[in-house]
Amino acid sequence: YYRMSPSWLEPSNGSLAQSSQTAACSVLELRDSGRMTKEEPCGRPALSEYRGYCQGHYKERLVELINRCCADPAVLFTPAEMIAELQRWSVAVPIRRPEEPDLLYAHRLRLVSDIIITELNLEPS
């Protein structure tokens, strides 16, 4: 939707070709082994569809990049997903007008989320 190239998901510590050959996630994590804390590779399985990351680190990377470029995923939400999100944040959900088309109602729901983001002075995530 935001016309981003998949290259922005490549691990910073190596190329995609190198990371896809690796069967384990190489993201460094702090490990506490009694007296010492040291950095060690994650080591969880890194499937090719996660571009060299384990599932958890892949999701972390996606969220980091979404936040960095202010790509609001709400534009992809269905009306039901937007209603659930508004309810999650205890925001009054606009009532659907009789015979209001789905697209118009979805647009009104998105406007509510945009207003809330602006009022809270938050960047879309």
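Computed from a predicted model, the values in this text were never measured in an experiment.

### Observations regarding the environment of V112
Here V112 lies in helix α4 (residues 102-119). Each C-alpha atom of the pair V112 and P94 lies 8.1 Å from the other, and the pair is 18 residues apart in sequence. Each residue touching V112, except ones within four places of it in the same chain, is listed here: L86, V91, A92 and P94.

### Remarks on the pairing of strand β1 (residues 28-33)
Direction of pairing for β1 relative to strand β2 (residues 36-41): antiparallel, over a ladder of 6 bridges. Pairing of E29 across the sheet is with E40, part of β2.

### Focus: the confidence of the model for the chain
When pLDDT is averaged along the chain, the result is 77; 73% of the residues meet or exceed 70. In the predicted structure, residues 14-20 sits below a pLDDT of 50 and forms 6 contacts with residues beyond four places in sequence or in another chain.

### Details of helix α2 (residues 55-68)
The end-to-end C-alpha separation of α2 is 20 Å, in line with the 20 Å expected for 14 residues at 1.5 Å each. Taken together, the buried positions of α2 are H57, Y58, R61 and L65. Within α2, the buried residues cover an arc of 105° as seen down the axis, which keeps them to one side. Looking at the buried positions of α2, the neighbouring elements they touch are β1. In the stretch just after α2, C70 is the one whose phi turns positive, near 55°.

### Quick look at the packing of aromatic side chains
The way to describe two aromatic rings as a pair is by their centre distance and the angle between their planes. By the definition in use, this model includes 1 aromatic pair. Relative to Y58, the ring of Y50 has its centre 5.1 Å away and its plane inclined at 40°; by these criteria the two rings are tilted.

### Quick look at the pattern of salt bridges
Scanning the model with the defined rule gives 8 salt bridges in all. Residue E29 pairs with R44 through a salt bridge whose shortest N-O separation is 3.4 Å. Taken together, the residues span a long stretch of sequence, with E29 in strand β1 and R44 in the loop between β2 and α2 at a distance of 15 residues. We classify E29 as buried; its relative accessible area is 18%. By relative accessible area, which is 41% here, R44 ends up partly exposed. E64 is paired through a salt bridge with R61; the nearest N and O atoms lie 3.2 Å apart. Of this pair, E64 and R61 both sit in helix α2, 3 residues apart, roughly one helical turn. Since its relative accessible area comes to 38%, E64 is described here as partly exposed. Overall, the relative accessible area of 16% leaves R61 in the buried class.

### Looking at the pairing of β2
Summarising burial for β2: 0 of the 6 residues are buried, a small minority. Hairpin connection between β1 and β2: a loop of 2 residues separates the two successive antiparallel strands, and G34 in this loop has a positive phi of roughly 80°.

Criteria and cut-off values
Every chain is numbered on its own, with residues counted from 1 as its sequence reads. With the structure being a predicted model, the display of local features is reserved for residues of pLDDT at least 70 and the display and counting of side-chain atom pairs for 80 or more, all residues being used for whole-chain, interface and lining totals. Neither water nor hydrogens contribute to the side-chain values; these are computed over all heavy atoms in the structure. Numbering of helices and strands runs from the N terminus, with a helix taken as a DSSP run of H or I at least four residues long and a strand as a DSSP run of E at least two residues long. Residues are treated as being in contact if the distance between any of their heavy atoms lies within 4.5 Å. In short, DSSP must find at least two bridges between two strands for them to pair. One number per residue, pLDDT, summarises how confident the predictor is, and it ranges from 0 to 100. One fewer than the residue count of a helix, multiplied by 1.5 Å, yields its expected span. Type-normalised accessible area, obtained with a 1.4 Å probe on protein chains alone, sets the label of each residue: buried when under 20%, exposed when over 50%, and partly exposed for intermediate values. The directions considered for the arc are those from the helix axis to the C-beta atoms. Pairs were defined over the aromatic rings of Phe, Tyr and Trp, the Trp ring being its six-membered one, requiring ring centres within 6.5 Å. Orientation was assigned from the angle between planes: stacked under 30 degrees, edge-to-face over 60, tilted for the rest. Within this document, salt bridges are pairs made up of a side-chain nitrogen of Lys or Arg and a carboxyl oxygen of Asp or Glu, the two lying within 4 Å of each other.

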